[in-house]
Amino acid sequence: MKIIELEHLSKHFKVLERREGLKGIVKDLFKPRHKIVKAVNGISMDINQGEIVGFVGPNGAGKSTTIKMLSGVLKPTSGNLLINNYLPYKQRKDYVKNIGVVIGNRTMLWWDLAVIESFKLLKEIYQISDEVYKENLELYNKFFNLNALYSTPVRKLSLGQKMLCEIAASFLHNPKLIFLDEPTIGLDVAVKEKVRKLIISLNKIKKTTIILTTHDIGDIEELCQRIILIDHGKLIYDGSIRKFNQIFGAYRTLTLELGNIDEISIENINKEIDEVFKPKEPIILKKKENIWLTLTINQDDIKLMDIFNFLMKKFPVKDIKIEEIELERVIKEVYEGGLK
Amino acid sequence: MLNKYKKYFLITKNSILTTATYRFHFFFSIISSILYFIIYYFLWYSIYNSSGNTILNGMTFSQVIVYICLAYSIFILFKTWTEWGISRNIISGQIMMDLVKPYNFHQANLANALGFVLFNFICITIPVFLIIFTMFNSTIIFGINLIFFAISLCFAFLISFSIDYSIGLTSFYTESIWGISITKEVVIMALSGTLIPLSFFPDSIELILKFLPFAAMYHIPVNIVINSTLSILDYFIMFSIQLFWIIFLIILNKYFFKHAIKVVTINGG
Ligand SMILES: Nc1ncnc2c1ncn2[C@@H]1O[C@H](COP(=O)(O)OP(=O)(O)OP(=O)(O)O)[C@@H](O)[C@H]1O
Ligand SMILES: [Mg+2]
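Rules behind the numbers
The residue numbers shown here count from 1 along each chain, following its written sequence. Here chains are named by letter from A upward and ligands by number from 1 upward, in the order in which they appear as written. In keeping with the model being predicted, local features are shown solely for residues with a pLDDT of at least 70 and side-chain atom pairs are shown and tallied solely at 80 or more, while totals for entire chains, interfaces and linings include all residues. The basis for every side-chain value is the complete set of heavy atoms in the structure, and neither hydrogens nor water enter the calculation. DSSP bridges decide pairing: two strands pair if at least two such bridges lie between them. Only DSSP runs of H or I with at least four residues qualify as helices, and only runs of E with at least two residues qualify as strands; both kinds are numbered from the N terminus onward. Salt bridges are counted wherever a side-chain nitrogen of Lys or Arg sits within 4 Å of a carboxyl oxygen of Asp or Glu. For each residue, the accessible area found with a 1.4 Å probe, counting protein chains only, is set against the maximum for its type, and the residue is called buried under 20%, exposed over 50%, and partly exposed in between. Near is defined per residue: the residue qualifies when any heavy atom it owns lies within 4 Å of the molecule or strand. Between N or O atoms, a polar contact is any pair within 3.5 Å; within protein, one atom must be a potential hydrogen donor and the other a potential acceptor, and residues adjacent in sequence are included only when both atoms are from side chains. Shrake-Rupley sampling with a 1.4 Å probe provides the accessible areas, and residues are treated as covered by the protein chains on show and by no other component. Think of it as three bins: nonpolar holds Ala, Val, Leu, Ile, Met, Phe, Trp, Tyr, Cys and Pro, charged holds Asp, Glu, Lys and Arg, and polar takes everything else, Gly as well. Whether two residues are in contact is decided by their heavy atoms, any of which lying within 4.5 Å being enough. Two parts placed together each lose some accessible area; with a 1.4 Å probe, that loss summed over both constitutes the buried area. All the domain ranges listed were derived from an automatic or database domain assignment. We call a set of buried residues a nonpolar core when its members are Ala, Val, Leu, Ile, Met, Phe, Trp, Tyr or Cys and they connect through side-chain atoms within 4.5 Å of each other. Only the stretch in contact is used when a helix axis is fitted, and all axes are lines through C-alpha atoms; the angle between N-to-C directions ranges over 0 to 180 degrees. Residues form patches when they are more than 30% accessible in relative terms and have no salt bridge. Like charges link within 9 Å. Nonpolar side chains (Val, Leu, Ile, Met, Phe, Trp, Tyr) link within 5 Å. Positive charges are assigned to Lys and Arg, negative charges to Asp and Glu, while His and the chain termini are left out of the count. One atom stands in for each charge, and that atom is NZ of Lys, CZ of Arg, CG of Asp or CD of Glu.

Asks: Run through the sheet that holds strand 13 (residues 319–324) of chain A, naming residues and quoting values.
Replies: Residues and elements named next belong to chain A. Within the open sheet, the four strands sit side by side as 11-12-10-13. Their pairing is antiparallel. Edge positions in the sheet fall to strand 11 (286–287) and strand 13, since each has one partner strand and no second. Two strands pair when backbone bridges link them, and strand 10 (residues 251–257) and strand 13 are joined in this way by six bridges, in the antiparallel orientation. Each bridged residue has a counterpart across the sheet, and for threonine 253 the counterpart in strand 13 is glutamate 323.

And the structure:
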């Protein structure tokens with residue numbers, strides 16, 4: 001069953017284009033120049049009940065702006081938006097009863113109050129029944145030991161503790177739909193794992209639909225069945241994470257420290273790689289930051305270890321890093337037809 | 001029905017708890033209020049002294065002192081920082097979290113301001129009031145007018161809050177409210193009777209001022225306390241003025257919010 005229907009949704013911001021210098025300030029005052037920023041530019045999608053959808057894209061892609069419109073607090077410039085049978089922007093006060101919102105660096109809780117006081121207040125605000133409230137607190141405690149944090153004022157929680165409480169708070173009224181904008185930002189690996197576990201188990205238990213934005217591919221891989229990629233306010237990929245992984249899961253970025261090496265020898269290496277491995281897609285060794293060199297390999301095509309052994313024989317490799325493909329690279333691939 | 005308002009009671013309670021976390025705040029408020037008052041005492045003292053009269057514009061020196069003291073106590077009482085809170089949330093983008101909660105933004109702010117007022121009342125207004133009154137040996141006659149005073153004070157609070165709230169809403173457009181809030185403060189100080197009792201203004205201006213919301217906030221409650229010759233008609237007129245402004249401002253703010261929410265761009269992301 002569809003819970004979110006989005007059609008050509010757009011949000012354009014009119015921003016003052018500031019001129020430079022003192023003269024510019026005076027000019028701005030009397031003759032302001034405006035430009036239009038198309039933060040979200042005609043996005044359409046449908047989301048079904050119970051799905052966890054990962055919403056990804058580079059910085060400034062328009063993810064947060066979309067989330068703001070989905071939450072009913074920002075008026076779309078144009079397009080249609082129907083969520084849970086509400087027009088979020090027009091029926092905000094009723095609509096928000098059934099959603100939860102978590103934003104990485106904002107808080108749903110009251111800064112100066114103990115966590116449990118905030119929960120009690122949310123209980124009244126959302127008119128949560130005693131049973132549901134009790135049930136949820138027990139659930140949180142059983143899985144995540146949140147009881148230990150309840151008496152601490154929110155401002156004294158660590159970032160990770162706060163995020164756990166925020167997510168718990170957003171599920172308190174059993175909403176049908178939750179928006180999470182960068183829920184794992186700034187968390188260490190262990191807490192990230194905890195946050196992901198919390199999200200997954202709540203989704204399983206309560207069948208909540210979850211939309212989440214993140215820059216962490218790990219979040220996507222562990223949480224989402226579906227991924228929506230946007231760039232410059234436009235949707236560029238919408239599909240299953242499996243297909244996505246099939247294509248991008250095979251890519252690895254190898255970063256090496258080879259000591260001093262000049263441009264000419266880099267070119268020579270590139271030629272040699274080409275001759276020896278005959279890759280389907282060109283593998284290009286590039287300088288990254290002063291001493292680091294980097295190349296991206298499609299493992300379906302060529303084994304990472306082969307390339308590595310090849311380079312080892314020729315150069316004194318001092319240090320290596322192996323990473324998954326970067327989002328920027330994925331987007332480039334999508335544009336070039338990698339997913340079509 | 002009552003259940004529906006329970007959330008607002010809780011907001012009020014929490015706002016009291018929150019204010020109480022910053023204990024130094026009220027300590028300094030008391031000191032600065034007393035200093036402020038001492039300055040005004042001597043200012044009025046020299047005005048009466050140099051004029052040579054014991055009654056100016058129908059008021060004795062001690063009446064002026066009681067007037068100023070009361071008006072100023074109310075002024076501190078109504079300091080709820082409502083507009084600063086809204087503007088701070090607009091600038092930081094935290095306003096989004098207010099707007100995704102299913103409560104009435106106006107009522108939630110009112111409940112929050114009420115918490116401040118109750119706290120101010122107990123921790124700032126009463127001590128300041130007592131200290132000033134014992135320091136300067138003034139007297140007030142309290143009778144039935146105490147009840148009317150309490151009612152008019154509640155009305156005055158609603159007016160004061162509505163003005164603050166509408167200034168808070170301007171931050172939906174301008175983000176910062178620094179200039180406009182300072183201007184408001186000066187205008188209220190000057191035109192409400194907090195600095196100078198209204199009877200010291202020229203008659204025609206006094207008449208106009210009496211009908212403005214500023215006087216309805218300070219002059220009316222104070223007048224109820226000091227003036228022992230008020231008739232039923234006087235009370236009726238005063239309460240009508242207050243009620244008029246409450247209703248007017250609430251309706252105005254309703255439309256203001258409806259428009260403001262359309263233009264607000266939630267910061268951050
Ligand atoms: N209030 C605003 N006024 C003007 N421009 C804005 C406003 N809010 C966002 N933008 C612009 O809209 C674009 C999209 O911003 P948005 O915050 O949605 O990006 P994002 O995808 O969340 O990025 P990030 O991953 O960095 O959080 C950016 O270019 C931003 O500068
Ligand atoms: Mg963002």
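Still more ground to cover, so stick around.
Asks: So what's going on with the pattern of salt bridges? Residues and values would help.
Replies: In the structure shown here, the tally under the stated rule is 20 salt bridges over all chains. A salt bridge links glutamate 51 of chain A to arginine 226 of chain A; the nearest nitrogen and oxygen atoms lie 3.1 Å apart. Residue glutamate 51 of chain A is found in the loop between strand 2 (34–48) and strand 3 (52–56), and its partner arginine 226 of chain A is found in strand 8 (residues 226–231); the two are separated by 175 residues along the sequence. Owing to a relative accessible area of 15%, glutamate 51 of chain A belongs among the buried residues under this scheme. Classification of arginine 226 of chain A as buried rests on a relative accessible area of 12%. Put simply, lysine 6 of chain B and glutamate 124 of chain A hold a salt bridge, and the shortest N to O gap is 3.4 Å. Separated into two different chains, lysine 6 of chain B in helix 1 (residues 2–21) and glutamate 124 of chain A in helix 4 (residues 115–125) make up a pair that spans both. Owing to a relative accessible area of 9%, glutamate 124 of chain A belongs among the buried residues under this scheme.

Asks: An account of the site of ligand 1 is needed here, citing residue identities and associated values.
Replies: Neighbouring ligand 1 are 15 residues; Lys63, Ser64, Thr65 and His215 of chain A together with Gly269 of chain B lie closest to it. More than one chain lines the surroundings of ligand 1; the residues nearby belong to chains A and B. Contact distances for ligand 1 include 2.7 Å between an oxygen atom and a side-chain N or O atom of lysine 63 of chain A. Histidine 215 of chain A is positioned with one of its side-chain polar atoms (N or O) 2.7 Å from an oxygen atom of ligand 1. Notes on ligand 1: free accessible area 630 Å², of which the protein chains cover 75%. Counting residues per element, the ones that place at least two in the shell around ligand 1 are strand 1 (2–16), strand 2 and helix 2 (63–70) of chain A. Among the elements that make up the shell around ligand 1, the one with the highest residue count is helix 2 of chain A (three residues). In terms of residue class, the shell around ligand 1 is made up of five nonpolar, eight polar and two charged.

Asks: Help me get a handle on the interface of chain B and chain A, residues and values and all.
Replies: Taken residue by residue, the interface counts 32 residues in chain B and 31 residues in chain A. Summed over both partners, the interface of chain B with chain A buries about 2900 Å², with 61% contributed by carbon and sulfur atoms. Across the contact surface, chain B and chain A share two salt bridges. At the surface where chain B touches chain A, the tally comes to eight residue pairs in polar contact (both at pLDDT 80 or more). Of all the secondary-structure elements, those providing two or more residues to the side of chain B that touches chain A are helix 1, helix 5 (95–99) and helix 12 (232–263) of chain B.

Asks: Any chance you could break down the domain arrangement of chain A for me, citing the residues and the numbers?
Replies: Residues and elements named next belong to chain A. Annotation of chain A at the domain level lists domain 1 (2–247) and domain 2 (250–324). Between the C-alpha centres of domain 1 and domain 2 there is a distance of 39 Å. Approximately 230 Å² of surface area, both sides summed, lies buried where domain 1 meets domain 2, with 27% of it carried by carbon and sulfur atoms. Contact with domain 2 buries surface across domain 1, with Glu221, Gln246 and Ile247 losing the most and accounting together for 76% of the total. Linking domain 1 to domain 2 there are zero residue pairs in polar contact (both at pLDDT 80 or more). Sorting the residues of the side of domain 1 that touches domain 2 by element identifies helix 8 (217–223) and helix 9 (241–248) as the ones contributing at least two each. When residues in the side of domain 1 that touches domain 2 are grouped by element, the largest group, three residues, is from helix 9. Its residues placed into classes, the side of domain 1 that touches domain 2 shows two nonpolar, two polar and one charged.

Asks: Can you tell me about the environment of isoleucine 226 of chain B, naming the residues and giving the values?
Replies: Residue and element names in this part refer to chain B. Take isoleucine 226: it is sitting in helix 11 (residues 219–226). Along the sequence, isoleucine 226 and leucine 10 sit 216 residues apart, while their C-alpha atoms lie 36 Å from each other. What isoleucine 226 contacts, discounting residues up to four positions off in sequence, is Met59, Gln63, Val66 and Tyr67.

Asks: Kindly report on unusual backbone geometry, identifying the contributing residues and their values.
Replies: For residues that are not glycine, phi is negative in most cases, and the peptide bond is trans in most cases. Residues and elements named next belong to chain A. One non-glycine residue, glutamine 127, lies in the positive phi region at around 55°. Within the chain, histidine 232 stands out as a residue other than glycine whose phi angle is a positive 50°. Residue placement: histidine 232 occurs in the loop between strand 8 and strand 9 (234–240).

Asks: Hey, could you go over the nonpolar core for me, with residue numbers and the actual values?
Replies: The biggest cluster of nonpolar side chains holds 175 residues, and the ones touching the most others in it are Phe119, Ile167 and Phe179 of chain A together with Phe172 of chain B. Among the elements that make up this core, the one with the highest residue count is helix 3 (residues 61–77) of chain B (14 residues). If sequence neighbours within four positions are ignored, phenylalanine 172 of chain B has contacts with Ile86, Ile90, Ile95, Phe105, Phe257, Ala260, Ile261, Val263 and Val264 of chain B. Ranked by size, the runner-up nonpolar core spans 19 residues in total, among them Leu256, Leu295, Leu304 and Phe310 of chain A.

Asks: For the sheet that holds strand 2 of chain A, give the residues involved together with the corresponding values.
Replies: All names here are of chain A. In spatial order, the strands read 2-1-4; together these three strands make up an open sheet with antiparallel pairing. For this open sheet the edge positions go to strand 2 and strand 4 (78–83), each flanked by a neighbour on one side alone. The mean angle between the axes of side-by-side strands here comes to 20°, regardless of whether they run parallel or antiparallel. Sheet analysis places strand 1 next to strand 4, joined by five bridges and oriented antiparallel. The residue of strand 4 that forms the bridge with glutamate 7 is asparagine 80.

Asks: Which residues make up a positive patch on the surface, and what values go with them?
Replies: Positive charge collects at one region of the surface, where Lys75, Lys90 and Lys93 of chain A together with Lys4, Lys254, Lys258 and Lys262 of chain B lie side by side. On the secondary structure map, lysine 258 of chain B appears in helix 12.

Asks: I'd like to hear about the side chain of threonine 209 of chain A, residue by residue, with values.
Replies: Residue and element names in this part refer to chain A. In this fold, threonine 209 is placed in strand 7 (residues 209–213). Of the residues examined, threonine 209 reaches a relative accessible area of 0% and is grouped as buried. Within the structure, the side chain of threonine 209 is placed 2.9 Å from the backbone nitrogen of glycine 50, a separation counted as a polar contact. Not counting residues within four places of it along the chain, the set of residues in contact with threonine 209 comprises Ile3, Ile47, Asn48, Gln49, Gly50, Glu51, Lys176, Leu177 and Ile178.

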